[in-house]
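Chain by chain, the residues run as shown.
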Amino acid sequence: MAGSGRERARHWRYAELPGVDLLRARYVEKIFVRHTHENFVIAAIDEGVEVFHHGGADQYAGPGTLALVNPDTPHTGRAGVPEGWHYGAVYPSPELVAEIAAETTTLRGTPGFTRPVLDDPYAAGLVHQVLRAADEGNALAADTLLRVAVTRLLRLNGGTLPQRAPRTAGSRIAARARAVLEERMAAPPTLERLATDLGTSPFALLRAFRAAYGMPPHTWLTDARVRRARHLLDAGSAPAEAAVAVGFTDQPHLNRHFTRSVGVPPGAYQRERKNVQDGAGSLLLPSGTWENRQRSRTAEVRQAENPTPPSSATPWESASPSDCPVSPSG
């Protein structure tokens, strides 16, 4: 668990939930810069308020609500009240969400969330139960509850993500610029040099890139460097080595940008990855106040995890059938 004083966070993985990142955090003064995720963001707020810029406007998520962000969608994050916000989050991969959608919903095409904030204390409780099950090493409960939660959210707030707009001259230039930046991440060209090499002007390239990816090239590059650094850290590279490999000047430079996007320093992030199997970390648990409030909200979830004999009902059978369907036509 990283942090001290009023701010604490743990960003980890559970081996039995492949392709899913987990987070429990309390932030007060934390400001997340504009960034993206390769996975979905399903963040359940239990105290305070988070404000995040998404889709051209500030979104507000308070207790009992979920902040929902689709993959590769630029967004920010900050406290909406002086006491900050306390939340738990799961980050399932697009492949896992697509698998769940195909099995339990009628959605076709690429599934995603239609609204960035959903007021649903029941689903928020499911997210916290997933985190608790993962921390306790209860693989069956963690996997089951995650699938139930994603199914519910897709039922309540799911849709088919729009296909990319037709390829225009501007989008083609933006894509070529992105390819150059990916290839030359450690030593990128200036905006003027990049534009000249692509046969356009700096401001034309800037407009095209922003339209295509939601942020200017330099912001996108920082985000891409952090993403690649995460993969290197997961593969065992030391933070100092990862920093140089992706183009940051040194480890403190990586630390600063990594923490502003991921929420924890790269060292703490990597330690939790190494501790996936041994349970060395401890989950930042919700407060007693939160626990009292959630007991009435998640009684059905607890019953789902430990059904009273002789019942053999599964979590989705114990919950409302319309909330947790088990078939696409349900």
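Let me begin by describing the structure that accompanies this report. Chains are numbered independently. Their residues run from 1 in the order of the written sequence. Confidence filtering applies because this is a predicted model: local features only for residues at pLDDT of at least 70, side-chain atom pairs given and counted only at 80 or more, and all residues used for totals across whole chains, interfaces and linings. Side-chain numbers come from the whole structure's heavy atoms, not from hydrogens or water.

1. Some words on the environment of Leu 140
Secondary structure elements are defined from DSSP: runs of H or I of at least 4 residues count as helices, runs of E of at least 2 residues count as strands, and each element is numbered from the N terminus. Relative to the assigned elements, Leu 140 resides in helix 3 (residues 139–157). Exposure is judged per residue with a 1.4 Å probe applied to protein chains only, and the accessible area is read against the type maximum: over 50% gives exposed, under 20% gives buried, and values in between give partly exposed. Residue classification places Leu 140 among the exposed residues on the basis of a relative accessible area of 67%. For the pair Leu 140 and Glu 16, spaced 124 residues apart in the sequence, the C-alpha separation amounts to 8.7 Å.

2. Details of helix 8 (residues 239–246)
Pro 239, Ala 242, Ala 243 and Val 246 are the residues of helix 8 that are buried. For helix 8, the arc enclosing every buried residue in end-on projection is 105°, short of the 170-degree limit, so these residues lie on one face. Looking at helix 8, the residues exposed on the side facing more than 90 degrees away from the buried face are Glu 241 and Val 244. Considering only its buried residues, helix 8 is in contact with helix 7 (217–234), helix 9 (251–262) and helix 10 (266–274). In this description, the arc belongs to the directions extending from the helix axis to the C-beta atoms. Contacts are assigned to residue pairs with any non-hydrogen atoms lying within 4.5 Å of each other.

3. Notes on unusual backbone geometry
Despite not being glycine, Asp 72 has its phi angle at roughly 60°, a positive value. The topology assignment puts Asp 72 in the loop between strand 7 (65–69) and strand 8 (75–79). Exposure remark for Asp 72: the relative accessible area of 45% places this residue in the partly exposed category.

4. Looking at the side chain of Arg 273
With respect to the helices and strands, Arg 273 occurs in helix 10. Judged by its relative accessible area of 11%, Arg 273 falls in the buried class. Any N or O atom pair separated by 3.5 Å or less is treated as a polar contact, with the protein-specific requirement of one donor-capable and one acceptor-capable atom, and with residues adjacent in sequence counted only for side-chain atom pairs. Engagement of the side chain of Arg 273 in a polar contact is seen with the side chain of His 11, the distance being 3.4 Å. Reaching out from Arg 273, the side chain makes a polar contact with the side chain of Asp 234 at a distance of 3.2 Å. Those residues within four positions of Arg 273 in sequence are excluded, and the remaining contacts are His 11, Trp 12, Arg 13, Asp 21, Arg 230 and Asp 234.

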